[in-house]
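For reference, the chains in residue letters:
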Amino acid sequence: MNIKKISLWVIILVIIGGILGFSTWNQWNANQKTTIERMRPIRPIAELNHGRRIVDIAFTPTNQDIIASVSDYDIKLWNRNNTDSPTNTLSDDEEMLVSVEFLHNGKFLLCKGLHGKMILCDTYSWERITLPEEEEKVQWDAAISPSVENLATVHSQYLVLWNMQDINKINVTTKITEIHHTKYHNSMQCADFSPNGKRLAIGFENGDIRIWDIEQEQFIKTLSVSHDSHQHLDDIVFTPDGHWILALEESNLALWNIKQNQRHILLKDTRLGFLRDVKLSPDGRYIGIRTFGNSSEYIIWSLPEAQIYHQENEGFITDFAFSPDGKILAISNPGEVTLLSIEDLSPISILKGGDLLGGAHEIAFSQDGSMLAGGGNGGVVRLWDVSKYNEK
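Residues numbered from 1 in each chain as written. Predicted model: local features only at pLDDT ≥ 70, side-chain atom pairs only at ≥ 80, totals over all residues. Heavy atoms only, no water.

Let us look at the overall build of the protein. Broken down by element type, the protein carries 2 helices and 32 strands. Looking at the 392 residues of the protein, the share that counts as buried comes to 52%. Restricting the contact set of the protein to residue pairs at least 6 apart, pairs at least 24 apart contribute 43%. Counting only carbon and sulfur atoms, one obtains 50% of the accessible surface of the protein, whose full area is about 19500 Å². (Helix = DSSP H or I, 4+ residues; strand = E, 2+ residues; numbered from the N terminus. Buried < 20%, exposed > 50% of the residue type's maximum accessible area, 1.4 Å probe, protein only. Contact = heavy atoms within 4.5 Å. Areas by Shrake-Rupley, 256 points an atom, 1.4 Å probe, with all protein chains shown as cover.)

This part takes up the sheet that holds strand β8 (residues 118–122). With antiparallel pairing, the 4 strands of this open sheet are ordered in space as β6-β7-β8-β9. Strands at the two margins of the open sheet, each flanked by one partner only, are β6 (97–102) and β9 (127–128). For β6 and strand β7 (residues 108–113), the ladder comprises 5 bridges, and the chain directions are antiparallel. When the bridges of β7 are listed, Leu97 appears paired with Gly113. (Pairing = 2+ DSSP bridges.)

Reading across the sheet, the 4 strands line up as β26-β27-β28-β29 and stay open at both edges, with antiparallel pairing between neighbours. Two strands lie at the open edges of the sheet, namely β26 (319–322) and β29 (347–351), each paired on one side alone. Neighbour to neighbour, the strand axes of the sheet diverge by 20 degrees on average, direction disregarded. (Axes fitted to C-alpha atoms, helices over the stretch in contact; angles between N-to-C directions.)

Right, let's get into unusual backbone geometry. Geometrically, the link from Leu303 to Pro304 is a cis peptide bond, its omega value of 10 degrees lying close to zero. In this model, Glu217 sits at a positive phi of 55 degrees, which is unusual for a non-glycine residue. Within the fold, Glu217 resides in the loop between β16 (209–213) and β17 (218–223). Even without glycine at this site, Leu345 takes up a positive phi of about 60 degrees. With respect to the secondary-structure elements, Leu345 resides in the loop between β28 (336–341) and β29.

A separate point is the pairing of strand β10 (residues 141–144). Side chains Asp141 and Ala143 project from β10 onto one buried face, and the interleaved Ala142 and Ile144 project onto a second face that is buried too. Between the end of β10 and the start of strand β11 (residues 150–154), which pair antiparallel, lie 5 residues.

Moving on, we come to the nonpolar core. Counting residues in hydrophobic clusters, the biggest one holds 16 residues, and the most contacted among them are Val70, Ile75, Leu109, Cys111 and Trp126. Elements with a minimum of two residues in this core: β3 (66–70), β4 (74–79), β6, β7 and β8. (Core = buried A, V, L, I, M, F, W, Y, C linked by side-chain atoms within 4.5 Å.)

Moving on, we get to a nonpolar patch on the surface. On the surface, Met96, Val98 and Leu114 cluster together to form a nonpolar patch covering roughly 230 Å² of accessible area. Along the polypeptide, Leu114 turns up in the loop between β7 and β8. (Patch = residues over 30% accessible without salt bridge, like charges linked within 9 Å, V, L, I, M, F, W, Y side chains within 5 Å. Salt bridge = Lys/Arg side-chain N within 4 Å of Asp/Glu carboxyl O.)

Looking at the element boundaries, Phe102 is found in strand β6. Looking at Phe102, the relative accessible area reads 11%, which means it is buried. When the C-alpha positions of Phe102 and Ala68 are compared, they lie 9.2 Å apart, and in sequence the two are 34 residues distant. Apart from the residues within four sequence positions on either side, Phe102 is in contact with Ala58, Phe59, Thr60, Pro61, Ala68, Leu77, Phe108, Leu109, Thr123 and Ile144.

Within the secondary structure, Asp92 sits in the loop between β5 (88–91) and β6. Overall, Asp92 belongs to the buried group, its relative accessible area being 5%. Reaching out from Asp92, the side chain makes a polar contact with the side chain of Arg128 at a distance of 2.8 Å. (Polar contact = N/O pair within 3.5 Å; in protein donor to acceptor, adjacent residues only side chain to side chain.)

Another aspect to go through is the packing of aromatic side chains. Under the criterion given, the structure shown has 5 aromatic pairs. Taking the centre distance of 4.9 Å and the plane angle of 50 degrees together, the rings of Tyr286 and Tyr309 count as tilted. Of this pair, Tyr286 sits in strand β23 (residues 286–292) while Tyr309 sits in strand β25 (residues 307–312), and the two are 23 residues apart along the sequence. For Tyr286, a relative accessible area of 3% corresponds to the buried category. Summarising the aromatic geometry, the rings of Phe320 and Phe322 are spaced 5.9 Å apart at their centres and angled 90 degrees between planes, so their arrangement reads as edge-to-face. Linked through ring pairs, Tyr286, Tyr298, Tyr309, Phe320 and Phe322 together constitute an aromatic cluster. In this structure, Lys279 packs its charged tip against the face of Phe320, placed 5.4 Å from the ring centre. (Phe/Tyr/Trp six-rings, centres within 6.5 Å; stacked < 30°, edge-to-face > 60°. Lys NZ or Arg CZ within 6 Å of the ring centre and 35° of its normal.)

Next up, the structure:
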C-alpha cells in the first residue's frame, strides 16, 4: 500500500514538474519574441552590389575595410569606402565556386570549387597563382597554415606542402605519401592545420585521421575508426585550442578527442547533404551546425562536454556566425539578422537591410568584431556596424 502511494506521488510530482517546465520554457520563448519585437533595427552602413547570388564572404585579417565576396563563377574584392564598384574581379566559368578564405596575413586568397578546383590569388596584384605543372592535377582539398605561409594541397595518393613566403619562388617543402593506406586503395581526402601550424591532420577515405608533425616530417598519431564502420570522410577541422578534430563523415558528424583517442558521435545516421555551415567559435567553447531539409535548424554543442548547448528549429535559418570573442551569436534569415548573447541566448539587436530580403544567406564577422557582413540571393553584400556590442 505504501509503495503504491509513493509511486502515485512520484507520478504527480513528475507531471507537475513537466507542466512547470513547459510553462517556464513557453514564457521564456514569449519574452524572447517580445524583446525582439521591441528592438529598433540597425540599418547597414554600406551595400555592395555583387550582382549575382552570393555563396560566401570573407574579411581580410589585416584590414577590416576589405571584403571578398564569391558568387557561382566570380570573386570580387571590395573596399567598404567605395561602394560603387569592386576594386578587383576574378572570374572562372569552369566550375562553381563555394568558399573563400585568406592566408593569415591577407597576402593570398584561396577559393574552392564544388568539385575540387582550387583558385589561388595574390591579393596585391590580383593575379592567379599557378602551381608547378606536375601538381596541377585533381585536388580533393586544400588547407592554409594559420601561423606560417604554408599551403597543403590534397591529392588522391599524396599531399604536397608548399612554401608561400615568396610569391616569385613558390616551392615544394614536403611531399607526403602513405604506403600502408594507399596500397589498400584508401585515398587521402582532406586536411587541416593545427592552430599553431606545427601539425597537419590528414583525413583518409575510410574515416581514419593521421597527424603529421611538420618539423619532424613524420606521422605521430593515428585516429582510427572501426573497420566495419564504412565511414567515408568528407572534411575535418581542428578546434581553435587544437585538442579536438571535428570530422564530417558520410552519415555522422563526429568529434575526436586527440589526446585520449576517443571519437564522440554528435549526429548519427544523418545525411551530410543536409548539413550546412559547420562552424567553431573562435574561443573554442562551441561547435555549431545548420541543417537543411524538411526543416531548417541550428544546433550548438559545448566543449569540452560535447553536449548539446542549444537547438533551434523555428523559422527559416539561413546562416549563423560566432563573434571573434565568442560572446555573440548572429543568426540570419531572409528578412533580418538577429544578434544573441551566447551566454543566455537573449536577443541583443536586430540587423535589417533596405528591403524584404534584408537578411542574408551568408554572414561573417570581421576579425576585430566591429562589423558583420551578409549577402545572399539578392546579390548585395550588406555591412553593419556592430562595434558597440564588442567593446572590451
